[in-house]
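# Working through the structure, step by step
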Amino acid sequence: MNPATAGAHMREDLVVGESAPRDVVPHRFRHLLGIEPLTAEQIQFLLDQSKPFQEIQRHPLKKLATLRGKSVALAFFEPSTRTRISFATAASRLGADAMNLQAEASSLKKGESLLDTVHTLDAMKPDCIVMRHNSSGAADFVARHLEIPVINAGDGTHEHPSQALLDALTIRDRIDKIEGLNVTILGDIQHSRVARSNIHLLGKFGCNFTLCGPAMWLPRELEQIGPPGCTIRRTSRIDEAMEGADAVIVLRVQQERMNEPALPMGEYILLYQLTEERLRRARPGALVLHPGPMIRGLEIDPAVADGPQSCVLEQVTNGVAVRMMLLYLMVGTPADAAPGADATAESK
Amino acid sequence: MRVVEKSQLMSATEIDRTLQRVAHEIVEKSGGSLNLALIGIRRRGVPLAQRIAQAMREIDRVEVPVGTLDITLYRDDLSKVAAQPVLQSSDIAFSVDDKDLILVDDVLYTGRTVRAAMNGLFDLGRPRTVRLCVLIDRGHREMPIEASFVGRMVQTSDNEIIEVRLREVDQEERVMLVERVE
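First things first, this report covers the structure right here in the doc. This structure is a prediction, so every number in the text was calculated from the model and none was measured. (Residues numbered from 1 in each chain as written. Chains lettered and ligands numbered in written order. Predicted model: local features only at pLDDT ≥ 70, side-chain atom pairs only at ≥ 80, totals over all residues. Heavy atoms only, no water.)

## Side note on empty space enclosed by the protein
Taken as a whole and assessed by the stated rule, the structure comprises two cavities of 30 Å³ or more. Lining of the largest cavity is provided by 13 residues; of these, Glu55 and Ile56 of chain A together with Asp70, Tyr74 and Ser90 of chain B occupy positions nearest its centre. With three residues, the top contributor of residues to the lining of the largest cavity is helix H1 (residues 40-56) of chain A. By residue class, the composition of the lining of the largest cavity is six nonpolar, five polar and two charged. Looking at the second largest cavity, its volume works out to about 30 Å³. (1 Å grid on protein atoms, 1.4 Å probe; cavity = no way out; pocket = protein on both sides within 12 Å on 5 of 7 lines; lining within 4 Å. Points joined across faces, edges and corners; volume = space filled by probe spheres on them. Helix = DSSP H or I, 4+ residues; strand = E, 2+ residues; numbered from the N terminus. Nonpolar A, V, L, I, M, F, W, Y, C, P; charged D, E, K, R; others polar.)

## Describing the packing of aromatic side chains
Within the structure shown, the criterion is met by three aromatic pairs over all chains. Plain terms: the ring middles of phenylalanine 53 of chain A and tyrosine 328 of chain A are 5.9 Å apart, the flat faces sit at 50° to each other, and that makes the pair tilted. One end of the pair, phenylalanine 53 of chain A, is in helix H1; the other, tyrosine 328 of chain A, is in helix H11 (residues 312-331), and 275 residues separate them in sequence. In this structure phenylalanine 53 of chain A comes out as buried when scored by relative accessible area, which is 0%. Judged by centre distance (5.3 Å) and plane angle (45°), the ring pair of tyrosine 268 of chain A and tyrosine 272 of chain A falls under tilted. Of this pair, tyrosine 268 of chain A and tyrosine 272 of chain A both sit in helix H8 (residues 265-272), separated by four residues, roughly a single helical turn. Accessibility expressed as a relative area gives 6% for tyrosine 272 of chain A, which makes it buried. In this structure an aromatic cluster arises from ring pairing among Trp217, Tyr268 and Tyr272 of chain A. The residue whose ring lies beneath arginine 138 of chain B is tyrosine 109 of chain B, and the NZ or CZ to ring-centre distance is 3.8 Å. (Phe/Tyr/Trp six-rings, centres within 6.5 Å; stacked < 30°, edge-to-face > 60°. Buried < 20%, exposed > 50% of the residue type's maximum accessible area, 1.4 Å probe, protein only. Lys NZ or Arg CZ within 6 Å of the ring centre and 35° of its normal.)

## Quick look at the sheet that holds strand E1 (residues 71-76) of chain A
Residues and elements named next belong to chain A. Spatially, four strands are ordered E2-E1-E3-E4 in an open sheet, and the strand pairing comes out parallel. With one partner strand each, in any of the chains shown, strand E2 (97-102) and strand E4 (150-155) form the two edges of the open sheet. Across this sheet, the average inter-strand angle for adjacent strands is 15°, counted without regard to direction. Relative to E4, strand E3 (residues 128-133) runs parallel, the two sharing four bridges. What sits directly across from histidine 133, in E4, is aspartate 155. The strands touched by helix H3 (residues 114-123) within the sheet are E1, E2 and E3, with E3 carrying the most contacts at an inclination of about 155°. (Pairing = 2+ DSSP bridges. Axes fitted to C-alpha atoms, helices over the stretch in contact; angles between N-to-C directions. Contact = heavy atoms within 4.5 Å.)

Structure (C-alpha cells):
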C-alpha cells in the first residue's frame, strides 16, 4: 500500500460495492467457536463473503497466493476425514501450509493434557488453529488460552459452525433464500452438533424445525435450543415430519450409538430411512442435505442420495469455499485491521 | 488527517468525451472488435468498461463482452492493510483463452492493482494479449506496467489523491484532485 493514498480507503462511502447491497456492514471475527453467538447480519456477511471463493472452485487454476507464508494448524483430536481434508484443501488453495495433528499420532494417548498439546502446537507458530474435539466447549477453552484465531471444526455435541454455514450457503444457492423455511432434521438429533449449529443458524432467519427420529434421540430439551421465536417440534413419525418441508437434513446414523440402548438397524431403516416415497410428502423440489459421511441404504435411500433434490456434492464443494472464506477473514489481514474498505482504493 | 479538494480535473462531459475517444482508439488499434473483451477492475473500472463497450457498440456495431474482476485476493499488501477489504464477486462469463483482453480501471498509480489483476486473469486461462486502459494515469509507478490507452495523464505529488467519482458508484460524475493535510 502506498502511504500517499492511505486516507482514501478510510472513507465510509468507499465501503460498498456496486453489486453489494447498500447496507452491507463488514465484520471482523477473532474466532469462530459457534453459530449461537453470531447475529443474522454477521452470518449474512459470512455467506456473502463465501461467494468469491465459490467462483474459485470453478477456475481452471484454483490456487491463490493470498495466504502465502501463513500456516494453519489442523488439530483433530477426534477422527475426521472430510472436514480435515476440506480445511486442508481450503488452506492449500489460499497458499497457506497446513500443519496436521491427528489424534492417533498425537501425545494425547500418552497422557498429555489438551492445553499442553495446543501450547506445543502454538509454539510452532501457526497463524490459526482449526480444531475438533470430542468435548463440548473444547474450542472455546483453547481460544481463551491462545492468542491466535481458533476455528471450531466440531466440539462434542455442541457446535460445528462451518458445517452450518456451508449448509446455509447450499440452500441459499438452490432456492435463493434461507428465511422462513420449514426444515426437517432426521436422525440422532440429541448427539448432533450439526443439528445444533443448523438450528442456531437457520433459526436466526425465522426457519421452523421439525426434528424426527427415534424417541430416545429426541429429548424434550431440544425444543428449547433454538433462538427466540423459532418453533421446534419433535416427532417420531417420519411421514408427519416430511409434510411441508422445504429442506431435509439427514444426519448420519452413528452406528456406535446403536447399542445404547439397542436399536436394530433393520428397524431404523424401516422407520426412518429417507426414501423417494417419503420425500414426496415434502414440498415439491425440497432439498436433501447430508453432512456426510453418508451411509447409503441406512439413513438414506441411494435413489434419494443421487436424485435431483440431493445437494450432497454441492455441500462438499461449498465446504471448501466456506472454509477458505473463514481462513481468509481470520488470517488474511492483520488482527487489528478495521472491518471494511474499498478493494482497490489504496494502491492503484 | 484530513483531505481537502484542490481542483476538479474532469467534468462529466469531459469524462464522456474521453471515453468516446478511448473507445475509438481501441477499435482503431485492434483492427475491429473481433476477439476483444473488456475486463473492468472493481469497482470503478466496471462502469468504465461498460461505458467503453457501449461506445464501441455504437462505433462498430459489435458486441464486446465485458467481465468484472475483484482483485482483493491477489493483492500483495493484505498483510499490511489497516482495514479488511470486503470481497466482491468476479464475473467473467466467457472464456479468456485466446482473447485480446483489455483491463479497464479508473486510475493507474503504482501498478500494483494491475499486477494483481493479471494474476487473477491468468488463473482463468491464457489470453492471447492483455492491454490496459485507464481514465487517469497519475505516474509514480512501482511496477514495470504501462497503459495502452490513457484518458488523461496527470502530474501528481505523493500526498495528492485522484478521486474518480462515477454516477453508478458515487451518485456524481467528475474527477477531483484532493490533497492530504496533516
